[in-house]
Amino acid sequence: MTTAELTVTIQKALDEIRPFLNSDGGDISLVSIDDDKHVKVRLEGACLSCSVNQMTLKAGVETTIKKYAPQIETVENIA
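The following paragraphs examine the structure supplied in this document. Quantities reported herein were computed from a predicted structural model and do not represent experimental measurements.

Some thoughts on the overall build of the protein
When helices and strands are counted, the protein shows two helices and three strands. Helices (α) and strands (β) of the protein occur, in sequence order from the N terminus, as α-β-β-α-β. Over its C-alpha trace the protein gives a radius of gyration of 12 Å, about what one expects of a compact globule, namely 12 Å for 79 residues. Considered along the principal axes of its C-alpha atoms, the protein spans approximately 35 × 20 × 20 Å. Within the span of the protein, comprising 79 residues, buried residues form 34% of the whole. Carbon and sulfur atoms make up 55% of the accessible area of the protein, which amounts to about 4500 Å² in all. The distance from the centre of the 8 positive side-chain charges to the centre of the 12 negative ones in the protein is 2 Å.

Structure below.
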């Protein structure tokens, strides 16, 4: 999978989880993909101050991204 294809795939994963974040006043954007294995995202809006944003990042965002792109090893929030 090329980097461009991987970017499209990860955007699809984020589009799947975005409605759940939007319903709580938050959002997410893709910042970068490093070495085709490490994804950096930015939680936005209400997600910034949410006390469970790390759980959302791991249990929701990372799981969804890995479902679409199993080669991804880590997902990190960049504040």
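Topic: the environment of Glu44
Mapping Glu44 onto the fold places it in strand E2 (residues 38-45). Separated by 16 residues in the primary sequence, Glu44 and Ile28 place their C-alpha atoms 5.6 Å from one another. Not counting residues within four places of it along the chain, the set of residues in contact with Glu44 comprises Gly26, Asp27, Ile28 and Ser29. Within the structure, the side chain of Glu44 is placed 2.8 Å from the side chain of Ser29, a separation counted as a polar contact.

Analysis parameters
- Residues numbered from 1 in each chain as written.
- Predicted model: local features only at pLDDT ≥ 70, side-chain atom pairs only at ≥ 80, totals over all residues.
- Heavy atoms only, no water.
- Helix = DSSP H or I, 4+ residues; strand = E, 2+ residues; numbered from the N terminus.
- Rg over C-alpha atoms; globule rule 2.2 N^0.38 Å.
- Buried < 20%, exposed > 50% of the residue type's maximum accessible area, 1.4 Å probe, protein only.
- Areas by Shrake-Rupley, 256 points an atom, 1.4 Å probe, with all protein chains shown as cover.
- Lys, Arg positive; Asp, Glu negative; His and termini not counted.
- Charge placed at Lys NZ, Arg CZ, Asp CG, Glu CD.
- Contact = heavy atoms within 4.5 Å.
- Polar contact = N/O pair within 3.5 Å; in protein donor to acceptor, adjacent residues only side chain to side chain.

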